[in-house]
Amino acid sequence: LGASRRRIVRQLITESFLLAVLAGAAGLLLAYWGSAALVALAPTGLPRLTEVAVDRWVLVFTIGVSILTSLLFGLVPAIYASKIDLNEALKQSAAKSVIGGGIIRLRGLLVVGEIAMAVMLLSGSALLIKSFIALHKVALGFRPENVLVMRATIPADQTQDISRFFQDLLPKIARTPGVLSAGATMAPPGRIESAGGYFVDHLPPQPDWSSAPNAVLSVVAPGTLAALAIPLKMGRDFSEDDTAEKPLVALVNEALVRRSFPGQNPIGRTIFCPYDKLQGLIIIGVAGDVRQSGPADEPKPECYMTYRQHVFNGNTLSIVARTVGDPNTLIATLRRLAQETSPDVPMKFTTMDATLSENVAAPRFRTLLFGIFAGLAVCLAMAGVYGVMAFAVSQRSNEIGLRMALGASAGSVLRLILRQGLIFASLGLALGLAAAIAGTRLLTSMLFEVQPNDPWVYLAVAVLLGVVTLVACYVPARRAAKIDPLTALRQE
């Protein structure tokens, strides 16, 4: 009808541009809501977290990507459409005349690429999910459930009464209805506030602390092991009789025993821990190992000292109380008891579960991000496979009708379309798995008790993508199997 080749190209690019701009606008809305949700879920220590927002630069970037996408993915089919042979176009429907072999191959390559990228993201997220599950199955060495943590700081002008405040308050808390046991510690499990070298049995005249074995140094109150359910493996726990006037005593954990007393009984031996004094401490008991830095780190040697014999971390201790039910219900009671003991002491309440949750915030956030991206990639791959197969069915409707008129069954047509979709899936899986096996090695430092080449993860990813591809292919394949042969022959 007189349209020039340039006019055809311009029209098709305009249509592509409109789709890209609409998609970009929808993406901006999703980014605006999604970024706010991700920031709320992100770990608190993430650098420049408050600056994460959809600003003008994000807007410019999105517009630029939308324009580039419309030009890149609209120009190629537009050029193919502009090269239509007029005689051929008049002989068959215009919609089918634009479909050349190059476009079909390009469309198939794009689908294969989508599947390959989905496999890579799925493999990474599956490894992180398996690692995150392994973190939660680790034996911590204590029981965090139903433990209320009250961090109390004695004002600087009352430092002489530090020991007296906790000495008066802890028995009141222990007698409170709903409290099973109570104690206090310089740093609850999940945090390390002090560490240093130690010597056993004797202290050299000029000790070289840099070459001495290292241990976590913890100041605790009697009852802390019971409140945290840390098992006492040998000997006795601290008591209120272990005062500054009595011989200095200490508890050590099993890791320290394995390190410095292999095959020996450490009870009654002397350990020198330079916390606030160089006198030797008599070991009176052995406690079970605790993962002091969180579930991802192995237990370290640890030396416990009683708060009645040592000037602990400045003027702060965290009271830990094991409760019968929800520990949050006792916050008001413990606050009142603390204010009755000393009204000027500031307090901060949390739970042991919340403290441990902070320790796994970073791996949880990484797993969440990978899971979201992998889910989006699977949706894109599914949409790509469905789009290609639906378009192929519409283009081959006459051929399929002719096959059925010549005796092909609906089942054979269904298998024909599914087979074509599975070819795309197989190629994408092969490329994606090869790239994933090479790329997931970069995640080694983020994984816990999971190898980057875990065969079960890759098998699960392959099965999932195979099922997704079959589902995406089934609807157009089912539509193809229902084509009426007479209608298709009349169109010919």
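Rules used throughout
Residues numbered from 1 in each chain as written. Predicted model: local features only at pLDDT ≥ 70, side-chain atom pairs only at ≥ 80, totals over all residues. Heavy atoms only, no water. Helix = DSSP H or I, 4+ residues; strand = E, 2+ residues; numbered from the N terminus. Rg over C-alpha atoms; globule rule 2.2 N^0.38 Å. Buried < 20%, exposed > 50% of the residue type's maximum accessible area, 1.4 Å probe, protein only. pLDDT = per-residue confidence, 0-100. Contact = heavy atoms within 4.5 Å. Salt bridge = Lys/Arg side-chain N within 4 Å of Asp/Glu carboxyl O. Core = buried A, V, L, I, M, F, W, Y, C linked by side-chain atoms within 4.5 Å. Pairing = 2+ DSSP bridges. Expected span 1.5 Å × (residues − 1). Axes fitted to C-alpha atoms, helices over the stretch in contact; angles between N-to-C directions. Left-handed = near helix turned anticlockwise from the far one by under 90°. Nonpolar A, V, L, I, M, F, W, Y, C, P; charged D, E, K, R; others polar. Phe/Tyr/Trp six-rings, centres within 6.5 Å; stacked < 30°, edge-to-face > 60°. Polar contact = N/O pair within 3.5 Å; in protein donor to acceptor, adjacent residues only side chain to side chain.

Some points on the overall build of the chain
Move 1: Scanning the chain from terminus to terminus reveals 15 helices and twelve strands.
Move 2: Radius of gyration (C-alpha) of the chain: 34 Å, far over the 23 Å computed for a compact globule of 492 residues.
Move 3: Principal axes of the C-alpha set define a box for the chain whose edges measure 110 × 50 × 50 Å.
Move 4: Within the chain, buried positions represent 42% of all 492 residues.

Observations concerning the confidence of the model for the chain
Move 1: With 91% of its residues at a pLDDT of 70 or more, the chain shows a mean pLDDT of 82.
Move 2: Here residues 94-99 is a poorly scored stretch, pLDDT under 50, and it has twelve contacts once near neighbours within four places are set aside; other chains count.

Looking at the pattern of salt bridges
Move 1: Taken as a whole and assessed by the stated rule, the structure comprises ten salt bridges.
Move 2: Measuring nitrogen to oxygen at the nearest pair gives 2.5 Å for the salt bridge that ties Lys 130 to Asp 454. A residue pair is termed long-range when its members are at least 10 positions apart, and Lys 130 in helix 5 (residues 101-136) and Asp 454 in the loop between helix 13 (410-439) and helix 14 (455-481) qualify at 324 residues.
Move 3: Across the pair Asp 201 and Arg 269 runs a salt bridge whose closest N-O atoms are separated by 2.8 Å. With a gap of 68 residues between them, Asp 201 in the loop between strand 4 (199-200) and strand 5 (214-220) and Arg 269 in the loop between helix 8 (254-260) and strand 8 (270-272) connect regions that are remote in the sequence.
Move 4: Through salt bridges with shared partners, a single network forms among Arg 151, Arg 191 and Glu 193.

Some words on the nonpolar core
Move 1: One finds Met 150, Phe 166, Ile 173 and Ile 271 to be the most contacted residues of the largest nonpolar core, which totals 43 residues.
Move 2: The element that contributes the greatest number of residues to this core is helix 6 (residues 162-174), accounting for five residues.
Move 3: Here Met 150 is in contact with Leu 169, Leu 317, Ser 318, Ile 319, Leu 334, Ala 338, Met 347, Lys 348 and Phe 349, once residues within four sequence places are set aside.
Move 4: If you look at the next biggest cluster of nonpolar residues, it comprises 39 residues, including Val 111, Leu 418, Ala 480 and Ile 483.

What to know about the pairing of strand 9 (residues 281-287)
In the case of a regular strand, side chains alternate between the two sheet surfaces.
Move 1: Among the seven residues of strand 9, six are classified as buried, and the element is accordingly described as predominantly covered.
Move 2: The pairing of strand 6 (residues 232-235) with strand 9 spans three bridges and is classified as antiparallel. Note that in strand 9 the partner of Met 234 across the bridge is Val 286.
Move 3: Relative to strand 9, strand 7 (residues 249-253) runs parallel, the two sharing five bridges. Bridged to Asn 253 within strand 9 is Ala 287.
Move 4: Summarising the sheet, strand 8 and strand 9 pair through two bridges and their orientation is antiparallel. Bridging from a neighbouring strand, Ile 271 pairs with Leu 281 of strand 9.

Topic: helix 13
Move 1: The terminal C-alpha atoms of helix 13 lie 42 Å apart, and with 30 residues this matches the ideal 44 Å at 1.5 Å per residue to within 8%.
Move 2: Three or more residues of helix 13 are buried, namely Val 413, Leu 414, Leu 416, Ile 417, Leu 418, Gly 421, Phe 424, Ala 425, Gly 428, Leu 429, Gly 432 and Ala 436.

A few points about the packing of helix 12 (residues 397-405) against helix 13
Move 1: Across the interface, helix 12 lies against helix 13 with an axial gap of 10 Å and an inter-helix angle of 145°. Crossing of helix 12 against helix 13: the hand is right-handed. Together, Ile 400, Arg 403 and Met 404 of helix 12 and Ala 410, Val 413, Leu 416 and Ile 417 of helix 13 make up the contact between the two elements.
Move 2: Looking at the contact of helix 12 with helix 13 residue by residue, the classes come out as six nonpolar, no polar and one charged.

Details of the side chain of Arg 322
Move 1: Tracing the backbone through its elements, the reader meets Arg 322 in strand 11 (residues 316-323).
Move 2: Beyond its immediate sequence surroundings of up to four residues, Arg 322 is in contact with Arg 143, Glu 145, Asn 146, Val 147, Gly 178, Val 179, Leu 180, Ser 181, Ala 226, Ala 227, Leu 228 and Ala 229.

Regarding the packing of aromatic side chains
Move 1: Taken as a whole, this structure holds two aromatic pairs when the rule is applied.
Move 2: Taking 5.0 Å as the distance between ring centres and 80° as the angle between the ring planes, the aromatic pair formed by Phe 165 and Phe 166 counts as edge-to-face.
Move 3: On the basis of relative accessibility, which here comes to 0%, the residue Phe 166 falls in the buried class.
Move 4: Relative to Trp 209, the ring of Phe 199 lies with its centre 5.1 Å away and its plane at 65°, an arrangement referred to as edge-to-face. Here Phe 199, found in strand 4, pairs with Trp 209, found in the loop between strand 4 and strand 5; they are ten residues apart in sequence, far enough to count as distant.
Move 5: On the accessibility criterion, Phe 199 (17% relative accessible area) is buried.
Move 6: A relative accessible area of 27% places Trp 209 in the partly exposed class.

Overview of the environment of Arg 164
Move 1: Positionally, Arg 164 belongs in helix 6.
Move 2: Arg 164 sits in the partly exposed class, given a relative accessible area of 47%.
Move 3: Separated by 144 residues in sequence, Arg 164 and Ala 20 have C-alpha atoms that sit 70 Å apart.

A short note on unusual backbone geometry
Move 1: The phi dihedral of Asn 146 is positive, around 60°, even though this residue is not glycine.
Move 2: For Asn 146, the location among the structural elements is in the loop between helix 5 and strand 1 (147-153).
Move 3: A residue is classified by how much of its surface remains accessible, and Asn 146, at 28% relative accessible area, is partly exposed.
Move 4: The phi angle at Glu 449 is positive, at roughly 55°, despite the residue not being glycine.
Move 5: Checked against the element boundaries, Glu 449 lands in the loop between helix 13 and helix 14.

Considering the side chain of Thr 367
Move 1: Summarising the element assignment, Thr 367 is placed in helix 11 (residues 361-395).
Move 2: Separated by 2.7 Å, the side chain of Thr 367 and the backbone oxygen of Pro 363 make a polar contact.
Move 3: When neighbours within four sequence positions are excluded, Thr 367 is seen to be in contact with Leu 128, Ile 129 and Phe 132.

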